[in-house]
Amino acid sequence: EPEVTQTPSHQVTQMGQEVILRCVPISNHLYFYWYRQILGQKVEFLVSFYNNEISEKSEIFDDQFSVERPDGSNFTLKIRSTKLEDSAMYFCASSESRRVGGYTFGSGTRLTVV
Amino acid sequence: AQKITQTQPGMFVQEKEAVTLDCTYDTSDPSYGLFWYKQPSSGEMIFLIYQGSYDQQNATEGRYSLNFQKARKSANLVISASQLGDSAMYFCAMKGDFNKFYFGSGTKLNVKP
């Protein structure tokens, strides 16, 4: 079964450092997403990406965050200057279309900011 | 506004018994999907079951079934014959015409031997 692959599975970074979380979506999918889950809390939408541009973003997704699809396979989330409160699990997801089903989550990257 | 409510922060069930995890939702979208995910302590989100708003029959996937009551806006997950490996967090989620998920706050299920 096709998978969304996220690397690394766990990243520890110093406060103020830049971090890039990487995702390889399913190859024929066109829509890409990032979600965040702070420890013990619900999963929250960050951003959706389609046709090489952001289609929607939440209020969490401020100027410190950016997304990119640098080549035909990767989809990245960059946090420019990490804060302690950025510590969370970050999930990438992709979907083939906007239809209600057909959505696949990656296994997540646990980001710890120290 | 879209909203998912899970009112059970924690549940206990005896191994081999059935358990129902509650989920109610609110949406103005005419078409939407309801999902349940399992999150073990390792953190990944494991898809369990999906119900489309226009599906006439309740969804089933192995030991998982979704008790969908559209008029009451509820989408409860039923796990039959609980196993020790079912101990995890369970999240109900909804996706509508827009292309993002709304998640509930989760229910932590503990299966007792």
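Scope of this entry: the structure provided in the associated data block.

About the criteria used
- Along each chain, numbering runs from 1 in the same order as the chain's sequence is written.
- Each chain takes a letter, starting from A, and each ligand takes a number, starting from 1, following the order in which they are written.
- With pLDDT at 70 or above as the cut-off, local features in this predicted model cover only qualifying residues; side-chain atom pairs require 80 or more to be listed or tallied, and sums for whole chains, interfaces and linings still use all residues.
- Think of the side-chain values as coming from all heavy atoms in the structure, minus any hydrogens and water.
- Note on conventions: DSSP H or I runs of at least 4 residues are helices, E runs of at least 2 residues are strands, and numbering of each starts at the N terminus.
- As a reference, a globule follows 2.2 Å times the number of residues to the power 0.38, and the radius of gyration itself is taken over C-alpha atoms.
- Only protein chains enter the accessibility calculation, which uses a 1.4 Å probe. A residue is then buried if its area is under 20% of the maximum for its type, exposed if over 50%, and partly exposed in between.
- The contact definition used throughout considers only heavy atoms, calling two residues in contact when any of these lie within 4.5 Å.
- Calculation of accessible area relied on Shrake-Rupley with a 1.4 Å probe; when residues are assessed, cover is drawn exclusively from the protein chains displayed.
- Take a side-chain nitrogen of Lys or Arg and a carboxyl oxygen of Asp or Glu: if they are within 4 Å of each other, that pair is a salt bridge.
- Here a strand pair is declared whenever DSSP counts at least two bridges between the two strands.

1. Quick look at the overall build of chain B
Okay, step 1: A tally of helices and strands in chain B yields zero helices and twelve strands.
Okay, step 2: Listed N to C, the secondary structure of chain B is β-β-β-β-β-β-β-β-β-β-β-β in terms of helices and strands.
Okay, step 3: Taken over C-alpha atoms, the radius of gyration comes to 13 Å for chain B, in line with the 13 Å a tight globule of 113 residues would show.
Okay, step 4: Its C-alpha atoms give chain B principal-axis dimensions of about 45 × 25 × 20 Å.
Okay, step 5: Looking at chain B as a whole, 50% of its 113 residues are labelled buried.
Okay, step 6: In chain B, once contacts between residues fewer than 6 apart in sequence are set aside, the share between residues at least 24 apart is 54%.
Okay, step 7: Entry remark: accessible area of chain B is about 5,200 Å², with carbon and sulfur atoms responsible for 50%.

2. Details of the pattern of salt bridges
Residues and elements named next belong to chain B.
Okay, step 1: Taken as a whole and assessed by the stated rule, the structure comprises four salt bridges over all chains.
Okay, step 2: Note that Asp 86 is salt-bridged to Arg 63, the shortest N-O span being 2.8 Å. With Asp 86 in the loop between β9 (74-79) and β10 (88-95) and Arg 63 in the loop between β7 (60-61) and β8 (64-69), this residue pair connects regions lying 23 residues apart in the sequence.

3. Side note on unusual backbone geometry
Residues and elements named next belong to chain A.
Okay, step 1: Here Thr 7 and Pro 8 are connected by a cis peptide whose omega angle stands at -10°.
Okay, step 2: Among the secondary structure elements, Pro 8 is positioned in the loop between β1 (5-7) and β2 (10-13).
Okay, step 3: Unlike most non-glycine residues, Asn 52 shows phi in positive territory, near 65°.
Okay, step 4: Along the chain, the position of Asn 52 falls in the loop between β5 (44-50) and β6 (53-57).

4. Details of the pairing of β9 of chain B
Residues and elements named next belong to chain B.
Okay, step 1: In terms of residue burial, β9 counts as a mostly covered element, since five of its six residues are buried.
Okay, step 2: As paired strands, strand β3 (residues 19-21) and β9 are joined by three bridges and run antiparallel to one another. Bridge pairing in β9 places Val 19 opposite Ile 79.
Okay, step 3: Two elements, β8 and β9, share six bridges in a ladder whose sense is antiparallel. Opposite Asn 67, over in β9, you have Asn 76 as the bridge partner.
Okay, step 4: Here β8 hands over to β9 after four residues, with Lys 73 in that stretch at a positive phi of 55°.

5. Digging into the pairing of strand β6 (residues 46-52) of chain B
Residues and elements named next belong to chain B.
Okay, step 1: Alignment of strand β5 (residues 33-39) against β6, held across six bridges, turns out to be antiparallel. When the sheet's bridge partners are listed, Phe 35 is paired in β6 with Tyr 50.
Okay, step 2: Turn length for the β5-β6 hairpin, with the two strands adjacent in sequence and antiparallel, is six residues, and the turn residue Gly 43 shows positive phi of about 105°.

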